[in-house]
Amino acid sequence: MKETMTIGNICNRTVVWATEDTTIKQAAELMRDQHVGSVVVVQQADAGLIVTGILTDRDIAIVAVARDFDPFTLKVADVMSAQPVTVGEEDSIVDAMAQMRNRGIRRVPVTTGTGVLVGIVTLDDLLDIVAQELQALVQVITSERRQEARTRP
């Protein structure tokens, strides 16, 4: 992988977010409407949106639905994973993958050095990059074989 490629280069800058006082019903509707499996939970600050948690569709299914809570009154703050792992814009793809592997997570909010939300990166995003790099390696091998066939019949 290119040494200069950072998470900031590949993250999705359009982030679906909610606040801690959003109801689970509203968060689920937001996920459905935006076709995403999570919302980043934020607090508004002068600097921008500060990450306070993440809520996934799995959180909703396991905590809210399976325990028969009322999704109209249950709040995101009651179900979210607080203090989620985040990665910085300048972090490497390898570092982000290591964080995700070590923590067993599929999505990571991307923040500035001051903690302001700027994007999100998912396992699927990283798999796309790795697949592209593997394809480039295959092309190198194929080219090498063609070159050898031409020069050493």
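Reading guide: rules and limits
Residues numbered from 1 in each chain as written. Predicted model: local features only at pLDDT ≥ 70, side-chain atom pairs only at ≥ 80, totals over all residues. Heavy atoms only, no water. Pairing = 2+ DSSP bridges. Helix = DSSP H or I, 4+ residues; strand = E, 2+ residues; numbered from the N terminus. Axes fitted to C-alpha atoms, helices over the stretch in contact; angles between N-to-C directions. Parallel < 35°, antiparallel > 145°, perpendicular 65-115°, else oblique. Left-handed = near helix turned anticlockwise from the far one by under 90°. Contact = heavy atoms within 4.5 Å. Buried < 20%, exposed > 50% of the residue type's maximum accessible area, 1.4 Å probe, protein only. Arc of directions from axis to C-beta. Salt bridge = Lys/Arg side-chain N within 4 Å of Asp/Glu carboxyl O.

## Quick notes on the sheet that holds strand β5 (residues 87-88)
Strand order across the open sheet formed by three strands is β5-β6-β7, with mixed pairing between neighbours. Whereas interior strands pair on both sides, the edge strands pair on one side only; in this sheet they are β5 and β7 (117-122). Sheet topology places strand β6 (residues 107-111) next to β7; five bridges connect them, and they run antiparallel. Bridge assignment links V110 to a residue of β7, and that residue is G119.

## Digging into the packing of helix α5 (residues 93-103) against helix α6 (residues 123-151)
Axis separation between α5 and α6 bottoms out at 11 Å; the angle between their running directions is 135°. As summarised for this structure, α5 and α6 are arranged oblique, according to the angle between their axes. For the element pair α5 and α6, the recorded crossing hand is left-handed. Here α5 contributes I93, M97 and M100 to the contact with α6, which in turn contributes L123, L126, I129 and V130.

## Observations regarding helix α3 (residues 57-65)
Regarding α3, the residues found buried are D59, I60 and A64. For α3, the buried positions fall inside an angular range of 95° around the axis, keeping them on one side.

## Section: the pattern of salt bridges
Following the criterion strictly, the structure yields three salt bridges and no others. Measuring nitrogen to oxygen at the nearest pair gives 2.9 Å for the salt bridge that ties E89 to R13. You can see E89 sitting in the loop between β5 and α5 and its partner R13 sitting in the loop between α1 (7-10) and β1 (17-19), a full 76 residues away along the chain. Here E89 falls in the partly exposed class, since its relative accessible area comes to 21%. The partly exposed category is assigned to R13, whose relative accessible area is 44%. For R32, the salt bridge identified is with D33, shortest N-O distance 3.0 Å. Of the residues examined, R32 reaches a relative accessible area of 53% and is grouped as exposed.

## Focus on the environment of L30
Tracing the sequence through the fold places L30 in helix α2 (residues 24-34). Classification of L30 by relative accessible area gives partly exposed; the value is 27%. For L30 and L49, which are 19 residues apart along the polypeptide, the C-alpha to C-alpha distance reads 18 Å. Aside from chain neighbours lying at most four places away, what touches L30 is V16, W17 and V39.

What is shown is where atoms sit, not what they do.
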